[in-house]
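For reference, the chains in residue letters:
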Amino acid sequence: MSKSTKKGDKGFETPRPFRLSHEILCITGVNFQRRSIIGYVELHLIPTKSNLNKIKLNSKQCRIYRVCINDIWEASFLYNDPTLAVCQSDAKQRNLNFFSTCHSAAVSSVDADSGNGELTIRIPQEAMHIVQELKTLRVSIEFSLEKPNGGIQFVVPELDGTMSEKSAHMFTYGYENSARLWFPCIDSYSEPCTWKLEFTVDATMTAVSCGDLIETVYTPDMRKKTFHYVLNIPTAAPNIGLAVGPFEIFVDPYMNEVTHFCLPQLLPVLKHSTDRLHQAFEFYEEVLGTRYPYSCYKQVFVDQAYVGALAYASMTIFNTNILHSGQIIDQTFKSRCLMAHAVAEQFFGCYISMQSWPDAWLIYGIAEYLNGLYTRKTFGNNEYRNRISKILEKVCEYEKECGGLILFHNNTTTPGNKNEPTTSSSGRLHFPRKHSHTTSWKYAKMVRLKAHVVIRLIALNIGQHLLLQALNKLLSLASVASQQKFQSNSWSNMLLSTSSFLKSVATVSGKDLKTLMEQWVYQGGCVRFHGSFIFNRKRNIVELELRQDLTTSGVMKYVGPLQVTIQELDGSFNHNVQIEENNTKHEMTCHSKSRRHKKKKIPLANGEEVDMDLSAMDADSPVLWIRVDPELTTIRHVTFEQPDYQWQYQLRFERDIIAQFEAISALERFPGTPTRTALSDVLENEACFYKVRMQAAHCLSAVANEMSASWTGHTAMMKMFSKMFGSHSCSNIVRRNNFNNLQMYFIQKTLPIAICKIRNAILVCPKEVVSFVSDLIKYNDNRKNKFSDNYYRAALIEALSNTVTPSISLDKNAENLSAETKLILEEITRFLNLEKLLPCYGHVVTTGCLKAIRILQKNGWIPNEPALFQSYAQYGHFIEIRLVALEILVDCVKVESNEELLSWLLDIVESDPVPYTRHAVLKMLTKNPPFTKKDESLLSNEALVERLWSLMNSGTSHDARLRCDAVDLYFALWGRTRPACLPIPELGMVLNLKEKKAVLNPSLVPDEPTSESHSQESMSETMHGDSEGVPSIDRKRKAETPLPSPSSKVKVDNDDMDIDISDENKLKFKISLGGKNVDEGSKKSDALLKEGGKEKSMDTEMGKIDVEDIFDPSLEERPSTPGLISKDRTSTPSMNKDRSSTPIFNVKDSKVDIIKPPTSTIEEMLSSDSSSPSPTSTPVHTPTPIRKVSPQRHSSHGNPARDDTPFRPSGILKPTSHHHRHHHAHHHHRPGSSSREREDFSKRTHSPSVSQKGKKDEREHRKDDGSKSHKKKKKKNKHKHKHKHDKHEKHDKHDKHDRHDKHNRPSGGMSGFHRPFSGGGSHSSHHGHK
């Protein structure tokens, strides 16, 4: 077993010098008008070291008022958050290598798993005796949060009435460990503790949180009430959530411990959507052999959710859009799987959480695997196998595109792994995987999918029963640990690591999973097989050849066993072959011989015997078909070659749906009569899996297009549809809808879509097809159907859009529209008008109409105007309508290179009120980028680069998912290197003569990353008496280092560099590079560099380049991190405007008219009041903070806060720390700011190898610059030479003091602190800076 798996066998050891045993979270006020909360937390910390003198906690965007120890001593604190601005001194650098290094360093500096945090609290000297006795410290923190940029979502519809009448509500959310966004805590999964939660809200509101609701206490005036929750099971802070709103409450009739909460008027659909939830509980308790770990479970359905489902301890927050009535078919599968997956995460994810980020794959994989087992039980084995097959396809495709997915990386590179995705040019990964907040959202999603597959492979390796026993053992150990009182490592069994999981599996099964883990967990990549075979009639054997394609990215070499199944005339036989080389040949003996005239039923793999027509097969071969890895025991992509008749046999008679999908995909390459016959038979066979039949319909339309000259495929397929769904009296008219047979319902939706893809010999859709779909729409009758037909109508609109072919005419007037196009526009207009009056579930008809309009635009039938889609993309429409409209607008940007539209989309990313919409726009732009690095687009300009860079750097600091999305988009547009649209820097190489190094200008560095990390500056702590035992991280950049050295750095030795100033206008450097090749980026400079370690000369014109250009002073002093509280952003203007004039095309009397689109807002769904929305006139109410009062507590000197703070508790004094900002102006001069200063700077930094004469000549040459004659300069220098040494000595003293001032100055975080750790009333001027 590898070293990484053995690590941690002794139990988890926290990196902090203390342990958290209990935490109290009290929210004393929730203000919906101001979108703010106020409250306090109390953390019970047990020191593990007697020299503990400071405490680091996580807190982001919260305003801290005071910190108290044991309700007696007030403590000073410092706040520093380098993630507010990742790159704080990037004047010219715009490459992702630099950003990724800075991003990783910034996140590491506040990572709770490393013992760091944004908030540092100094323990008062009076309380040190408690620390020395290792007794419990009670740290109380009063805080507030106003207009949060992340972590909490306030949903306040712009309607009339009170907040409860408007269905105003709020809830918490976050990407991985993001609890710090709404309350101070230790934001790590590895620090569980018990909780006491109190939330005071309006009397009409309900607060739902984790744990058991103990009591609800009203205030004396009955206007507010406080909910008291207790969670006695140790839980990490990221698993604590909250939702507040006027919820309707529904107790599950099958399980009284389960409670559901929804917004007003949604109770009927809530009851139907959750009526099968108890089956998921029963299934998980049965397969895991243990009871549900918590005493209760709560489901809360909210609007504008961050994701579909976000699981917390004993509660889950869902998107209200997954609720559905009993008439909806399509959403039922998605909703049940989503709710079942949330229950699985209660076992693995909340109750047992990950020990560290590298172990996250286990939590994800086990929960997905359990949900897969539930899917198999509920929806059948075919649905489960189809799901696994789709996951394999997605994983293989992603690894081919982006490189290998490594599940367990442990922040190190696995030796010998060539598929390790790194930030180097050889890899394809453009972000660090070290932290969850730096990992791309898409990458994390694919890790979840691959983890599911790997857990399934473990189950196949040791047996599903033994795997479930191992999971039961983990749950049993966690149950015992949760009932114990806090002790050192007493709760470690509630954390799951890779090593503990493997130990549990080995104990239960007795098998070693080392080989499997090394293949699929510790390294990335999938296997790509290409197979073919020949039957040897003389020896009666099959000669199988398997080749591995190792040329593609994200591919690994597989060595191990592989199963091959051969279906023969006498049955199905499995053969196990050993793969050792890239190209292997295997001989497998056939168990049956060919029979030409005998008629006998052929047994299949499932024991069924069938009759086959063997006339098409080879008379000398008994092989019917061959399958490679039929049980999906590897993460692979297989391409197999065999004759078309064998694929046809496999499609008709193989009962495994994966084999049927493979056969359909292969038969598309063999258009012909036998192929269409086989596809037609499967399509009409009701015994086949419905998704196989749907795929066969699409394949049949593709075959019909290839056979358009000899076969009218649309006629045959329309006859099939009439046969299955036509009226008995008149088959040309479809009968009334009856969706009781769900499989036939999906076939009825799919078949028209497939028919409309058929084209004739001139690549035009036949007119009969358009008339056929038009009749389906005309005669659609759903009056006696108990199910809704909205998805069926949306499918018919999609079918209509598939009939559109490119327009020949360039004139886009209504008179030039063809009859078929006019018919399509009329139907779309009618559907949109009907949707305005009677909106359907999910507005799927509206989304279908928008897609159809876009297809008409792309084919040149109607004007290509984006205004229609912009109106539907505005805030206020239903989220699915907005997403479809935004996706169309992204396509418009790419097709038309519309810069104004791209800017409009980025405005949505920056200011849209819905977090998921911002994420979706960036995801769409990344998937369908307006341009790529290879394209020469007008959209690629400096303004766009700066806007995206600002968005990555500081505009998305409170949403890690959004920041990673912006990085993905930046990479999709320009790659890892500096965008070519930016101006070329003046210098290609930067010299540091003091350090004797020459480095390439980072703005020109190509794909190769820097080997030395760009460290982030941290705050300059002025604590006294720091103990040696407390780990500290120095994140300061050295002042004398001008730039971080890349991997291609060049060292300049004393003997390798020579300076020549003989020429009046040029300064020549001759540098010996020691045999190292210079990076391509330096080619843009004026250097003439040769290979092989020869001398290199670089001529630099003195008139263009100054000393301060070489020694960049901007990197010596970095600007401070934004302050304690982010700048008050102006509220986003409401985008819910009147859209009565939204244009829609209406074709009537050869004119294109304007009609009104449907206005279906979320507010209309949540409120019965149909009046037009208007801003609320409710007066702003500031809740009175409820604080813990102690007789010993005295007033604090609160940290700097805005003057308009609505939540300043009594006793919190506004700081008067003007002395913190005092500084000396003469301390802020820069080297090179004057000729004398440049001379002195050159003197102090020149290499000792340069002769004294050369230094003197250079100084005089710089002083001579700009003078009129050489004689005047000589004379002037003689007068100045007398006082040179005296002035230089004074200047050096000031300069040294200045550099010492910069070194001790707080470099990041707020511009003013709570108070210095020294606790004194005054301090030296260099403790604060402007």
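The structure presented is a predicted model; accordingly, all values stated were derived computationally and were not measured.

Conventions we followed
- Residues numbered from 1 in each chain as written.
- Predicted model: local features only at pLDDT ≥ 70, side-chain atom pairs only at ≥ 80, totals over all residues.
- Heavy atoms only, no water.
- Helix = DSSP H or I, 4+ residues; strand = E, 2+ residues; numbered from the N terminus.
- Buried < 20%, exposed > 50% of the residue type's maximum accessible area, 1.4 Å probe, protein only.
- Contact = heavy atoms within 4.5 Å.
- Areas by Shrake-Rupley, 256 points an atom, 1.4 Å probe, with all protein chains shown as cover.
- Salt bridge = Lys/Arg side-chain N within 4 Å of Asp/Glu carboxyl O.
- Pairing = 2+ DSSP bridges.
- Axes fitted to C-alpha atoms, helices over the stretch in contact; angles between N-to-C directions.
- Core = buried A, V, L, I, M, F, W, Y, C linked by side-chain atoms within 4.5 Å.
- Patch = residues over 30% accessible without salt bridge, like charges linked within 9 Å, V, L, I, M, F, W, Y side chains within 5 Å.
- Lys, Arg positive; Asp, Glu negative; His and termini not counted.
- Charge placed at Lys NZ, Arg CZ, Asp CG, Glu CD.
- Expected span 1.5 Å × (residues − 1).
- Phe/Tyr/Trp six-rings, centres within 6.5 Å; stacked < 30°, edge-to-face > 60°.
- Nonpolar A, V, L, I, M, F, W, Y, C, P; charged D, E, K, R; others polar.
- Parallel < 35°, antiparallel > 145°, perpendicular 65-115°, else oblique.

> Hey, could you go over the overall build of the chain for me, with residue numbers and the actual values?
Broken down by element type, the chain carries 34 helices and 39 strands. The buried share of the chain, taken over its 1330 residues, is 59%. A separation threshold of at least 6 residues defines the contact pool for the chain, and within that pool the share at least 24 residues apart is 73%. With the model as given, the accessible surface of the chain reaches about 56,300 Å², and the carbon-plus-sulfur share is 49%.

> Lay out the pattern of salt bridges with the relevant residues and their values.
Evaluated as defined, the whole model comprises 36 salt bridges. Put simply, Glu946 and Arg94 hold a salt bridge, and the shortest N to O gap is 2.9 Å. Remark: Arg94 occurs in the loop between β6 (77-79) and α2 (96-109) and Glu946 occurs in helix α27 (residues 942-955); sequence separation between them is 852 residues. Taken together, the shared-partner salt bridges connect Arg385, Arg627, Glu631 and Asp656 into one network.

> I'd like a rundown of the sheet that holds strand β3 (residues 54-57), residues and numbers included.
In spatial order, the strands read β3-β7-β6; together these three strands make up an open sheet with antiparallel pairing. Two strands lie at the open edges of the sheet, namely β3 and β6, each paired on one side alone. Sheet twist, expressed as the average angle between the axes of neighbouring strands with direction ignored, equals 15 degrees. Where β6 meets strand β7 (residues 119-122), three bridges bridge the pair, whose relative direction is antiparallel. Residue pairing across strands places Leu78 opposite Thr120, the latter belonging to β7.

> Quick rundown of the sheet that holds strand β26 (residues 571-579)? Include the residues and the values.
Pairing within the open sheet is antiparallel, and its three strands lie in the order β26-β25-β30. Sheet topology places β26 and β30 (623-628) at the edges, where each strand pairs with a single neighbour. Put simply, the sheet's adjacent strands are angled 25 degrees from each other on average, direction ignored. As paired strands, strand β25 (residues 560-568) and β30 are joined by five bridges and run antiparallel to one another.

> Explain the nonpolar core to me, and be specific about the residues and the numbers.
Residues Trp361 and Phe501 are the most contacted members of the largest nonpolar core, which totals 319 residues. Tallying contributions element by element places helix α9 (residues 441-462) first for this core, with 13 residues. Not counting residues within four places of it along the chain, the set of residues in contact with Trp361 comprises Leu407, Phe408, Val447, Ala451, Val454, Ile455, Thr498, Met517 and Val521. By size, the runner-up hydrophobic cluster in this structure holds eleven residues, among which are Met612, Leu624, Tyr649 and Phe653.

> Lay out a positive patch on the surface in plain terms, naming residues and giving numbers.
On the surface, Lys390, Lys394, Lys442, Lys445, Lys923 and Lys927 cluster together to form a positively charged patch. Mapped onto the positive patch, the elements with two or more residues apiece are α8 (381-402), α9 and α26 (915-927). Among the structural elements, Lys390 can be located in helix α8.

> Residue-level account of helix α5 (residues 277-288), with values.
Every α-helix carries 3.6 residues per turn, so stepping three or four residues along brings you back to the same face. Here α5 contains twelve residues, and its C-alpha end-to-end distance of 17 Å stays within 8% of the 16 Å for a straight helix at 1.5 Å per residue. Looking at the buried positions of α5, the neighbouring elements they touch are β17 (258-262), β18 (297-302), α6 (330-347), α7 (360-379) and α10 (464-482). The first or second residue beyond α5 is Gly289, which carries a positive phi of 70 degrees.

> Tell me about the packing of aromatic side chains, and please be specific about residues and values.
Applying the stated criterion across every chain yields a total of 39 aromatic pairs. Relative to Trp949, the ring of Phe99 has its centre 5.6 Å away and its plane inclined at 70 degrees; by these criteria the two rings are edge-to-face. Here Phe99 is found in helix α2, whereas its partner Trp949 is found in helix α27, with 850 residues between them in sequence. Owing to a relative accessible area of 2%, Trp949 belongs among the buried residues under this scheme.

> For the environment of Val86, give the residues involved together with the corresponding values.
Secondary-structure assignment places Val86 in the loop between β6 and α2. Val86 gets classed as buried once you look at its relative accessible area, which sits at 0%.

> Residues and numbers for the environment of Leu471, please.
Relative to the elements of secondary structure, Leu471 occurs in helix α10. Linking Leu471 and Ile366, residues 105 residues apart in sequence, is a C-alpha distance of 8.8 Å. Not counting residues up to four positions away in its chain, the partners in contact with Leu471 are Leu288, Phe348, Ile366, Leu370 and Phe501.

> Could you give an account of the pairing of strand β8 (residues 137-146), with specific residues and numbers?
For β8, the tally of buried residues reaches nine of ten residues, placing the bulk of the element in the interior. Here ten bridges tie strand β2 (residues 36-47) to β8, and the two strands are oriented antiparallel to one another. Looking across to β8, one finds that Glu42 is bridged to Ser140. In the sheet, strand β4 (residues 63-69) pairs with β8 via six bridges, with the strands oriented antiparallel. Directly across from Cys68, in β8, lies its bridge partner Ser140.

> Before we move on, could you go through the packing of α9 against α10 and cite the residues and values that matter?
Where α9 meets α10, the closest approach of the two axes is 6 Å, and the angle between their N-to-C directions is 115 degrees. Side by side, α9 and α10 meet where Ile455, Ile458, Ala459 and Ile462 of the first sit next to Gln464, Leu466 and Leu467 of the second. Looking at side-chain class alone, the contact of α9 with α10 contains six nonpolar, one polar and no charged residues.

> Go over the packing of helix α25 (residues 899-911) against α27, please, and point to the residues and values.
It is at 12 Å that the axes of α25 and α27 come closest, and there the two elements cross at 10 degrees. With respect to each other, α25 and α27 are oriented roughly parallel. Residues Leu902, Ser903, Leu906, Asp907, Val909 and Glu910 of α25 touch α27, and the partners they reach there are Leu944, Arg947, Leu948 and Leu951. In terms of residue class, the contact of α25 with α27 is made up of six nonpolar, one polar and three charged.

> Lay out the side chain of Thr805 with the relevant residues and their values.
One can find Thr805 in the loop between α20 (790-802) and α21 (819-837). Since its relative accessible area comes to 13%, Thr805 is described here as buried. Setting aside anything within four residues of it in sequence, one finds Thr805 in contact with Arg759, Leu763, Val764, Cys765, Asn859 and Trp861.

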